[in-house]
Structure formats: structure tokens, C-alpha cells
Amino acid sequence: MDADLHTHTTASDGTLTPDKQVQLARDIGLMAIGITDHDSLNGITEALAAGERYGVEVVPGVELSTDCQGREVHILGYYPEREAPELTGMLDKLREARRSRGKLIVDKLVSLGLQIELERVWEIAGAGAIGRPHIAQALEEKGYVRSIKEAFERYIGSGAPAYVPRFKLSPEDAITLVTRARGIPVLAHPGLVDLDALIPDWVKAGLKGIEVFHTDHNQAQETRYARLAENLGLLVTGGSDYHGPGRKTTVGLGDRRVPMDNVTRLKQVKQELNCRY
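Rules of the game
- Residues numbered from 1 in each chain as written.
- Predicted model: local features only at pLDDT ≥ 70, side-chain atom pairs only at ≥ 80, totals over all residues.
- Heavy atoms only, no water.
- Buried < 20%, exposed > 50% of the residue type's maximum accessible area, 1.4 Å probe, protein only.
- Helix = DSSP H or I, 4+ residues; strand = E, 2+ residues; numbered from the N terminus.
- Pairing = 2+ DSSP bridges.
- Contact = heavy atoms within 4.5 Å.
- Phe/Tyr/Trp six-rings, centres within 6.5 Å; stacked < 30°, edge-to-face > 60°.
- Lys NZ or Arg CZ within 6 Å of the ring centre and 35° of its normal.
- Axes fitted to C-alpha atoms, helices over the stretch in contact; angles between N-to-C directions.
- Left-handed = near helix turned anticlockwise from the far one by under 90°.
- Right-handed = clockwise from strand over helix to strand, strands pointing away.

Engineer: Give a detailed account of the pairing of strand β3 (residues 57-68), specifying residues and quantitative values.
Structural biologist: Across the twelve residues that make up β3, a large majority, ten, are buried. Pairing analysis gives seven bridges linking strand β2 (residues 32-38) to β3, with the strands arranged parallel. When the bridges of β3 are listed, I35 appears paired with P60. The pairing of β3 with strand β4 (residues 71-78) spans eight bridges and is antiparallel. By the bridge assignment, T66 is partnered in β4 with V73.

Structure representation (C-alpha cells):
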């Protein structure tokens, strides 16, 4: 009776389609799965249909990247209205910014003598929101690196020679966007950010939950964030951050789970906020 509330599909930088992701969730015994693609809600319709077909509850969501004090802070938004104009407009802007950034990164790689073709990066991304993992895959295909991880470390990660900063929102901006779309804003993997002192401020801005359980959190972090959630009255969520085969290869779907009680509580808050899902 478990759920994995943080996963990515081909609608962003995952490698499985929403249908295949939900099918895999059924196969490994998950009762519910969150589809939380980067800057995109485009996989939700397919995922919901697959959920009906495979008997898996789909929790629709999105993951927004923000910047705070030079660090990347991710905000998950659960149950947002897909037609909310402010949110959909910003998602369009963010995806276009990803495409522009992708071109600039490829240009830098070419200037370094690496023969990476922009068209191949688009092919790898398919209909998904372009991301650095797609460029990393192109580098791996050409034999310039042996893994996605090496591509980030040598070429496209922060501080690397082909790194290009990306347009980002502030955490408060993202929280407001999700809230105005009648969604539930949740702080993703706070242990990777180390800005715990700012969490109460984000709660004042409208933050409703915190991702306590994540594959990159250790036991001490999970204990700390569970206590923080209780003290601040926040929802507790969790998930694997699964990107499919060929991405974070050590992470499998369902490797980090939460009980279905957590999903029930999410839905209760959804009803309180009058989310139209």
C-alpha cells in the first residue's frame, strides 16, 4: 500500500513514457505514482488514462526549478489546474528557456572541439522539455564520456566549461504560481539544498509540504525533516525521483516510498483548496 510521489517521464527528461511509467508502477506493486515532470504538465493526460487502465492512482504534478542564494531549489506542485493561465504561461516560458539554454550549451561544446549536433539533442529529448541529461546522452553516444554523471562533471555541470546558467524563478515565485493554480506546493529534496533556515519563510509564502523521503536523503535527514514538517504543520511526501533507465541508473522506481495515508492527506488538502482534479 505504498506510493512513489516523485517521478519523471519523457514529458521532461525521463526515459519512459507516462504510460510505461504507470505500467511499471503497477508491475512493482505501487498503489499510486506521482508524475512530476520538470516544467511540464504534458504527460498528465496520458498518465491518468494509464492509471485507469492499470489500476494505479496517478497524482498529477510538476517540478519547478528555482534559484535562492545561488542554489537550486525545486518546488513540486501537486494537483495544479492544467489550464491555469499564469502557470501554463510560465511553463511555456521555462521550456523555451530550456531550449535556448540547450543551444548555448551545444555551441560551447562545439567551441571546445566536441562534435555534438543540436538536432540529435532535439531527437533525444523528443516531445519532452529539453534538459542537460539529453545533452549528456548525446555526449555519451559520441564517446566523449562514459556516463551521464561524467558528462556533468567534465562538461555541463555547474562550474564546468560548457555550463550555461538557466532562467529560474525564486522559490516564492514558484510557490505563488502553484498556489494560484489551486495546487499544493511542496519543497523537494531539501537535504540537497541545505537552506533549512529559510523553510519557515517559504511556509509564510504558501508552502504546504516537504519531501521528507528521497533517495538522496540519509536517515538523519529524514528524521530531521519529519520533525520539521510536524513543527510547521506541513504535509509529508516522498519519492524516488526516478528518471527511467539510463538516467540515474542506481535509482529504481519505488526505491523511496510513502504510505498511501500520505496520498490521502494530499487529497484532503486538494479538496480544501478546491483543486479542480
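Engineer: Please set out the side chain of T237 residue by residue, giving values where relevant.
Structural biologist: Locating T237 in the fold gives a position in strand β7 (residues 235-239). Apart from the residues within four sequence positions on either side, T237 is in contact with L5, Y78, V186, I210, E211, V212, F213, V258 and L266.

Engineer: Which residues make up the packing of aromatic side chains, and what values do they have?
Structural biologist: Tallying each qualifying case throughout the model produces zero aromatic pairs. Positioned above the aromatic ring of W122 is the side chain of R99, whose terminal nitrogen or guanidinium carbon lies 4.2 Å from the ring centre. Over the ring of Y79 we find K270; its NZ or CZ atom is 4.8 Å from the centre of that ring.

Engineer: If you had to explain the sheet that holds β3 to someone new, which residues and values would you point to?
Structural biologist: Strand order across the open sheet formed by eight strands is β7-β6-β5-β4-β3-β2-β1-β8, with mixed pairing between neighbours. The strands lining the two open edges of the sheet, one partner per strand, are β7 and β8 (258-259). Here strand β5 (residues 184-187) pairs with strand β6 (residues 209-214) via two bridges, running parallel. Bridge pairing links V186 to G209 in β6. The strands that helix α2 (residues 44-54) touches are β2 and β3; relative to β3, the one it contacts most, it runs at about 150 degrees.

Engineer: Describe in detail unusual backbone geometry, supporting the description with residues and values.
Structural biologist: Of note in the backbone geometry, D39 takes a positive phi value of approximately 55 degrees without being a glycine. Within the secondary structure, D39 sits in the loop between β2 and α2. Of the residues examined, D39 reaches a relative accessible area of 1% and is grouped as buried. Not every positive phi belongs to a glycine, and R182 is a case in point at roughly 60 degrees. Tracing the backbone shows R182 in the loop between α7 (171-180) and β5.

Engineer: Residues and numbers for the packing of helix α1 (residues 18-27) against α2, please.
Structural biologist: Relative to each other, α1 and α2 sit at 35 degrees, their axes nearing to 8 Å. Judged by the twist between their axes, the crossing of α1 over α2 is right-handed. Between α1, through P18, D19, V22, Q23 and R26, and α2, the contact on the second element is made entirely by E46, A47, A50, G51, R53 and Y54.

Engineer: An account of the pairing of β2 is requested, with residue identities and associated values reported.
Structural biologist: Counted residue by residue, β2 has seven buried out of seven residues, so it is predominantly covered. Burial along β2 is two-sided: the residues A32, G34, T36 and H38 and I33, I35 and D37 are all buried. Pairing geometry for strand β1 (residues 2-7) and β2, over three bridges, is parallel. Looking at the pairing, T7 lines up with I35 of β2. In terms of handedness, the path from β1 via α1 over to β2 forms a crossover that is right-handed.

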